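Here is how the chains run, residue by residue.
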Amino acid sequence: MKLYTTPGACSLADHIALEWIGEPYEAVIVSKEERKLPAYLAINPNGAVPALDDGGWILTQNAAILNYLADLYPASKLGGDGSPRSRAEINKWLAFVNSDVHPAFKPLFGSTSYLDDAAAIEKSRDDARNKLRDLFAKIDAQLAGKDWLTGARSIADPYLYVVLRWARASEVDLSGFDNLDRFMRAMRADAGVKKATKAEGLA
Ligand SMILES: N[C@@H](CCC(=O)N[C@@H](CS)C(=O)NCC(=O)O)C(=O)O
């Protein structure tokens, strides 16, 4: 099993999940530039991470990979307790992070640079920060009284950790979100998180 990952990118979520699972795997580091070169485009024609190679079978799309890992290793309980409702709750929060929170970062990652107008670009970035604060407020409320997004550790949690890292680096205002702060501190102290971030060369 090989995971293609770019340091600190959303693929770090899969990297952490693999550490939590504890079965053998190899992390292949792909730089931003390498993602667009023919060798990597042959693995993922979208030129994006993550990609998973399981015995020559390639799977892309983060939500699909995380669900596949949870199904492949049910003993990890990263896909819930086996009930349809627990998996649905996990996928609800995974979808929120993958398809609501993650894309909301785009202006902060340069998607509006085509505007070629410094003031307009800064406005789009401020707007993104405000939208992200609203989205993180919902997650903070969900984490009240819980250590993990859905109560028990799941595939949704490492993705939340990744977008929280991005939020801090992008100066999104997370003040007052004590549950998110507690979650972040616990993740930073987690052995699997430490191993995956170290392997990606992250502080
Ligand atoms: N829909 C994809 C998006 C993955 C994605 O946005 N990956 C980023 C890193 S976090 C990337 O590789 N972007 C490069 C690109 O899309 O050109 C998924 O969920 O896996």
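Residues numbered from 1 in each chain as written. Predicted model: local features only at pLDDT ≥ 70, side-chain atom pairs only at ≥ 80, totals over all residues.

Right, let's talk about the site of the ligand for a bit. Within the structure, the ligand sits among Thr6, Ala9, Cys10, Arg35, Gly47, Ala48, Val49, Gln61, Asn62 and Asn98. Residue composition of the shell around the ligand, grouped by class: four nonpolar, five polar and one charged. (Near = placed C-beta within 6 Å. Nonpolar A, V, L, I, M, F, W, Y, C, P; charged D, E, K, R; others polar.)

Here the focus is the sheet that holds strand S2 (residues 26-29). Pairing within the open sheet is mixed, and its four strands lie in the order S2-S1-S3-S4. Both edges of this open sheet fall to S2 and strand S4 (57-60), since each of them pairs with a single strand only. The average angle at which neighbouring strand axes cross in this sheet is 20°, direction not considered. One ladder, built from four bridges, connects strand S1 (residues 2-5) with S2; its direction is parallel. Its bridge partner being in S2, Tyr4 is matched across the sheet by Val28. Helix-sheet contacts for helix H1 (residues 12-21) involve S1, S2 and strand S3 (51-54), and the interaxial angle to S1 is about 150°. (Pairing = 2+ DSSP bridges. Helix = DSSP H or I, 4+ residues; strand = E, 2+ residues; numbered from the N terminus. Axes fitted to C-alpha atoms, helices over the stretch in contact; angles between N-to-C directions. Contact = placed C-beta atoms within 7 Å.)

Before going further, it helps to spend a moment on helix H5 (residues 118-142). Taking 1.5 Å of rise per residue, 25 residues should cover 36 Å, and H5 covers 36 Å from first to last C-alpha, within 8% of that figure. The complete set of buried residues in H5 reads Ala128, Leu132, Phe136 and Ile139. (Expected span 1.5 Å × (residues − 1). Buried ≥ 20, exposed ≤ 12 C-beta atoms within 10 Å, placed from the backbone.)

When the parts of a complex come together, some accessible area is lost, and that lost area is often taken as the interface size. In terms of domain boundaries, the protein breaks down into domain 1 (2-76) and domain 2 (84-190). Tallying the contact residues gives 12 residues for domain 1 and 10 residues for domain 2. Among the secondary structure elements, those contributing two or more residues to the side of domain 1 that touches domain 2 are H1 and helix H3 (62-72). Per element, the largest residue contribution to the side of domain 1 that touches domain 2 is six residues, and it comes from H3. Taken together, the residues that form the side of domain 1 that touches domain 2 break down as nine nonpolar, three polar and no charged. (Domains from an automatic or database assignment.)

As defined by bridge partners, S3 adjoins S4 across four bridges and the pair is classed as antiparallel. Across the sheet, the residue bridging to Leu52 is Leu59, located in S4. With antiparallel pairing between neighbouring strands as the criterion, S3 and S4 make up a hairpin whose turn holds two residues, including Gly55 at a positive phi of roughly 60°.

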